[in-house]
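# Observations on chain architecture
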Amino acid sequence: QVQLVESGGGLVQAGGSLRLACAASGRTFSSYVMGWFRQAPGKEREFVAHISWSGGSTYYKDSVEGRFTISRDKAKNMVYLQMNSLKTEDTAVYYCAASISIPSLLSLDRRVAYWGQGTQVTVSS
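Predicted model only: the values in this text are computed from it and were never measured. (Residues numbered from 1 in each chain as written. Predicted model: local features only at pLDDT ≥ 70, side-chain atom pairs only at ≥ 80, totals over all residues. Heavy atoms only, no water.)

### Digging into the pairing of strand S8 (residues 78-83)
Put simply, side chains in a regular strand alternate between the two faces of the sheet. Just so we agree on the cut-off: Exposure categories follow from relative accessible area, calculated using a 1.4 Å probe and restricted to protein chains: below 20% of the type maximum is buried, above 50% is exposed, and the middle band is partly exposed. Think of it this way: any DSSP run of H or I at least four residues long counts as a helix, any run of E at least two long counts as a strand, and we number them from the N terminus. In this analysis, strands are considered paired if DSSP registers two or more bridges between them.
By the criterion of burial, S8 is predominantly enclosed, with five of the six residues buried. Summarising the sheet, strand S7 (residues 68-73) and S8 pair through six bridges and their orientation is antiparallel. Within S8, the residue paired with Thr69 across the bridge is Gln82. In textbook terms, the turn of a hairpin is the stretch between consecutive antiparallel strands, and for S7 and S8 this stretch comprises four residues, one of which, Asn77, has a positive phi near 55°.

Structure (structure tokens):
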């Protein structure tokens, strides 16, 4: 059974940092694009960052560029999101996802991607 399990969320003050982790199991994800998404209360789920299967290519939502860093450890089937200089508007449930292509990942379609259950990040002012 394929599972993506996020961890590392919590409550932090504005300007602080958190590191999210996503543990993937049930298959080998070394050839998959991995990504992080988030969903704030009352808003739609949105893309945050993705990383290529090799780890050599990354892409970020404009508002997190320079503050967040996505990385992966293929040997451990892990993906991370280092979040620095957090802002109150970063408050959301953060989800890890995996898919065979970037378009499939960004489609938010669960039929073509694997998704975790999410971890809450709350940034206080």
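### Concerning the sheet that holds S8
Quick note on the threshold: All axes here are fitted lines through C-alpha atoms, helices being fitted over the stretch that makes contact, and every angle between N-to-C directions spans 0 to 180 degrees.
Across the sheet, which stays open at both edges, the four strands sit in the order S1-S3-S8-S7 with antiparallel pairing between neighbours. Two strands bound the open sheet, and with one partner strand each, they are strand S1 (3-7) and S7. Across the sheet, the mean angle separating the axes of adjacent strands is 15° when strand polarity is ignored.

### So, the nonpolar core
Let me state the cut-off plainly: Definition used in this section: a nonpolar core is a set of buried Ala, Val, Leu, Ile, Met, Phe, Trp, Tyr and Cys residues joined via side-chain atoms within 4.5 Å.
Membership of the largest hydrophobic core comes to 28 residues, with the highest contact counts inside it found for Met34, Trp36, Leu81, Met83 and Tyr94. Broken down by secondary-structure element, the contributors of at least two residues to this core are strand S3 (18-25), strand S4 (33-39), strand S5 (46-51), S7, S8, strand S9 (92-99) and strand S11 (119-124). Membership of the second largest hydrophobic core comes to eight residues, among which are Val33, Phe37, Leu105 and Trp115.

### Considerations on the pairing of S4
With six of its seven residues buried, S4 lies for the most part within the structure. Alignment of S4 against S9, held across seven bridges, turns out to be antiparallel. Residue Trp36 lies in a different strand from S9, and its bridge partner there is Cys96. Where S4 folds back onto S5 in an antiparallel hairpin, the turn is made up of six residues, including Gly42, whose phi is positive at roughly 80°.

### What about the state of the cysteines?
Selection rule: Working definition: a disulfide is two cysteine sulfur atoms within 2.5 Å of each other.
One pass over the full model with this rule turns up one disulfide. Shown here is the disulfide that connects Cys22 with Cys96, its sulfur atoms set 2.1 Å apart. Torsion about the S-S bond of the Cys22 and Cys96 cystine: about -75°, corresponding to left-handed handedness. One end of the pair, Cys22, is in strand S3; the other, Cys96, is in strand S9, and 74 residues separate them in sequence. Overall, the relative accessible area of 0% leaves Cys22 in the buried class.

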